[in-house]
Each structure stands twice: as structure tokens, then as C-alpha cells.
Amino acid sequence: MARSLADVTYNYQVICENIAKAAQSVGKTADDITFLAATKTVDAPTINHAISLGLRYIGENRVQELLSKYEDYDLDHASLQFIGHLQTNKVRQIVGKVDLIQSVDSVKLAREISRCSLKQNISTDILLEVNIGREENKSGVLPEALPELLDEIKDIPAIKVRGLMAIPPICENAQENCKFFDNMRHIFLDIGSKNIDNISMEVLSMGMSDDYAEAIRCGANMIRVGSALFGKRNYQI
């Protein structure tokens, strides 16, 4: 097996402790924070070991990899989500298999998720991805375009907006990180205060291996942690 399960066990405990400390610092508890493991390049037995430790949410970045591991995940004890960039021509392959799609950034993508969901007579939960750092090489809707996107998506059937997701730019220090995280929190709270039909701001997904504690302190209630749990990724598998 590519990774030491003992290391995963240790890392899981450390991350849980850090989550609890960060949450406590802002008057919350660990139960208020969803710890999602980003499982790109991680084999199913290692993922299932983390699930056996208490992990309850896993997220894949690539459709092909998700499908290759799908039958081997322990989905009786964990929720599978999609957290990577999603092309419209691959939507049909994951709708019905994942509990949440975190990376919706266009009406076109939302409509395709709706179409595939209607065919299966289900509703699919989504998050809207915000390009909070305005990076040209990243997906996500720009903050100023978010109200228009929400207005167009709110009436699309068979999907439900549950919140927002963001991948801020890589920053050199926590203060820079928090600038982007704080902006996301303000956007999240502003949308939530408007009580838009079919739009609920329940999930603010931000923070990864290097900055999840700062994200929690700035308002995140879901973090996506990969290498801090599983170690450095092996892109050969």
C-alpha cells in the first residue's frame, strides 16, 4: 500500500485536534466543522482506513478517478462529494453517485446537473464556486457575478444550492489568507440574509491542508484536507 496507515491514523488525530482548537477559538466546537478528506491519488483501502477512524466525508477531484474507485469506497459510513472542476460532458457520470457537487460556477453546468438529476428522479445538492482571488487559471464565478448566477440558478429544478466553495490564492502568511477567507464569509452571510428561494447558505467550504485552521477561524464550516492527512500525493497512481 502506497501510504502508511499508522501515519494516516496519527495525522487524522492531529487534524481533529487542530480543528477543535481552531473552532474553540471562535466560540464553536469540532462538531460545527465538517472535515472532508480530499482523496485525489489516494487508494480506496487507505481512504477506507480513514473512514474507520471516524472520517465521514470524502471528496474526489477527477471524474475518472472517482469512477475507478467507486465500488471500493466504504460509502455505508461516509459521504462522497465531488470537489474538482467539472466538465458538462461528464456530469451524467457522477450525478446519483455523489451527495454534493462543490464546484458549480456556471448556469450551463447547473442546467446539466439538473437535466441528469431529473432523468434519475432525484435532486442534487451543489455549492457555487467563487474565484475569490480573481485568478485567471482558476475556475469559479467572480464575486460581482455571483448575484446574477444565483438569480438564474434559483429556479432550475432538481438542484439545491447549499452554500459556497472557494480556493483562495496561495499566500505567504495567515494574514493574507484571512483577507480572502473574510471576504468569502461576508459574501456567504450577505447571500444568506436575503432568503432567496431554493438558495440556502449552510456550507462555507474553504481551507485546505496548509490553511484549514485559519479558514475555520475566519468562518469556514467545511474544510478540504488532503496531503496533511494522507501525505504527499503520488501522481503516478
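Scroll up a little and you will see the structure.
Below, the structure is looked at part by part. (Residues numbered from 1 in each chain as written. Predicted model: local features only at pLDDT ≥ 70, side-chain atom pairs only at ≥ 80, totals over all residues. Heavy atoms only, no water.)

1. Some thoughts on the pattern of salt bridges
Consideration 1: Counted according to the given criterion, the structure contains twelve salt bridges.
Consideration 2: Note that Asp 155 is salt-bridged to Lys 154, the shortest N-O span being 3.2 Å.
Consideration 3: Of the charged contacts in the structure, one is a salt bridge between Asp 190 and Lys 194, with a shortest N-O distance of 3.3 Å.
Consideration 4: Take Asp 190: its relative accessible area is 39%, and that puts it in the partly exposed class.
Consideration 5: Salt bridges here are not isolated pairs; linked through shared partners, they connect Glu 60, Arg 62, Glu 65 and Lys 69. (Salt bridge = Lys/Arg side-chain N within 4 Å of Asp/Glu carboxyl O. Buried < 20%, exposed > 50% of the residue type's maximum accessible area, 1.4 Å probe, protein only.)

2. Regarding the environment of Gln 102
Consideration 1: Tracing the backbone through its elements, the reader meets Gln 102 in strand E4 (residues 100-104).
Consideration 2: On the basis of relative accessible area, Gln 102 is assigned to the buried category, the value being 0%.
Consideration 3: A sequence separation of 26 residues divides Gln 102 from Leu 128, and the C-alpha atoms of the two residues are 6.5 Å apart.
Consideration 4: Sequence-distant contacts of Gln 102, that is, excluding residues within four places in its chain, are made with Leu 36, Gln 81, Phe 82, Ile 83, Leu 127, Leu 128, Glu 129, Met 165, Ser 205, Met 222 and Arg 224.
Consideration 5: A polar contact of 2.8 Å, which involves the side chain of Gln 102, links it to the side chain of Ser 205. (Helix = DSSP H or I, 4+ residues; strand = E, 2+ residues; numbered from the N terminus. Contact = heavy atoms within 4.5 Å. Polar contact = N/O pair within 3.5 Å; in protein donor to acceptor, adjacent residues only side chain to side chain.)

3. Topic: the side chain of Glu 112
Consideration 1: When you line up the elements, Glu 112 lands in helix H5 (residues 107-120).
Consideration 2: Judged by relative accessible area, which is 17%, Glu 112 ranks as buried.
Consideration 3: For Glu 112, the contacting residues outside a window of four places in its chain are Thr 88 and Val 91.

4. Points about H5
Consideration 1: Here H5 contains 14 residues, and its C-alpha end-to-end distance of 20 Å stays within 8% of the 20 Å for a straight helix at 1.5 Å per residue.
Consideration 2: Taken together, the buried positions of H5 are occupied by Val 107, Leu 109, Ala 110, Glu 112, Ile 113, Ser 114, Cys 116 and Ser 117.
Consideration 3: Residues of H5 that are buried sit in contact with helix H4 (91-94), E4, strand E5 (124-130), helix H6 (146-153) and strand E6 (159-166).
Consideration 4: At the exit of H5 stands Asn 121, carrying a positive phi of roughly 60 degrees. (Expected span 1.5 Å × (residues − 1).)

5. As for the nonpolar core
Consideration 1: One finds Ile 113, Leu 128, Leu 146, Leu 164 and Leu 229 to be the most contacted residues of the largest nonpolar core, which totals 69 residues.
Consideration 2: Examining the composition of this core, we find that seven residues originate from one element, helix H7 (residues 174-193), more than from any other.
Consideration 3: Other than its neighbours up to four places away in sequence, Leu 164 contacts Leu 127, Leu 128, Val 130, Leu 146, Met 184, Ile 187, Phe 188, Ile 191, Met 201, Val 203, Leu 204 and Ser 205. (Core = buried A, V, L, I, M, F, W, Y, C linked by side-chain atoms within 4.5 Å.)

6. Points about the packing of helix H1 (residues 5-25) against helix H2 (residues 44-53)
Consideration 1: Where H1 contacts H2, the two axes come as close as 10 Å, and the packing angle between them is 40 degrees. Considering the angle they form, H1 stands oblique to H2. Every pair of crossing elements has a handedness; the one defined by H1 and H2 is right-handed. Between H1 and H2, the contacting residues are Leu 5, Val 8, Thr 9 and Tyr 12 on the first element and Thr 46, His 49, Ala 50 and Leu 53 on the second.
Consideration 2: Tallied by class, residues from the contact of H1 with H2 come to five nonpolar, three polar and no charged. (Axes fitted to C-alpha atoms, helices over the stretch in contact; angles between N-to-C directions. Parallel < 35°, antiparallel > 145°, perpendicular 65-115°, else oblique. Left-handed = near helix turned anticlockwise from the far one by under 90°. Nonpolar A, V, L, I, M, F, W, Y, C, P; charged D, E, K, R; others polar.)

7. Some words on the pairing of strand E3 (residues 79-82)
Consideration 1: Here E3 shows a buried face lined by Ser 79 and Gln 81 and a second buried face lined by Leu 80 and Phe 82.
Consideration 2: Pairing geometry for strand E2 (residues 57-60) and E3, over four bridges, is parallel. Directly across from Tyr 57, in E3, lies its bridge partner Ser 79.
Consideration 3: A crossover links E2 with its parallel partner E3, the connecting element being helix H3 (residues 63-69), and its sense is right-handed.
Consideration 4: Bridge count for E3 against E4 is two bridges, and the pairing is parallel. Directly across from Gln 81, in E4, lies its bridge partner Leu 100. (Pairing = 2+ DSSP bridges. Right-handed = clockwise from strand over helix to strand, strands pointing away.)

8. Side note on the layout of surface pockets
Consideration 1: Taken as a whole, the largest pocket spans an internal volume of roughly 660 Å³.
Consideration 2: In terms of lining, the largest pocket is formed by 29 residues, of which the most central are Ile 167, Met 208, Ser 209, Arg 224 and Arg 233.
Consideration 3: Secondary structure elements with two or more residues in the lining of the largest pocket: H7 and strand E8 (222-225).
Consideration 4: Residues that form the lining of the largest pocket fall into these classes: eleven nonpolar, ten polar and eight charged.
Consideration 5: If you add up the space inside the second largest pocket, you get close to 160 Å³.
Consideration 6: Every residue lining the second largest pocket is listed: Thr 34, Tyr 57, Gln 81, Asp 99, Leu 100, Asp 125, Arg 162, Glu 202, Val 203, Asn 221 and Met 222.
Consideration 7: Here the residues of the lining of the second largest pocket are counted per class, giving four nonpolar, three polar and four charged. (1 Å grid on protein atoms, 1.4 Å probe; cavity = no way out; pocket = protein on both sides within 12 Å on 5 of 7 lines; lining within 4 Å. Points joined across faces, edges and corners; volume = space filled by probe spheres on them.)

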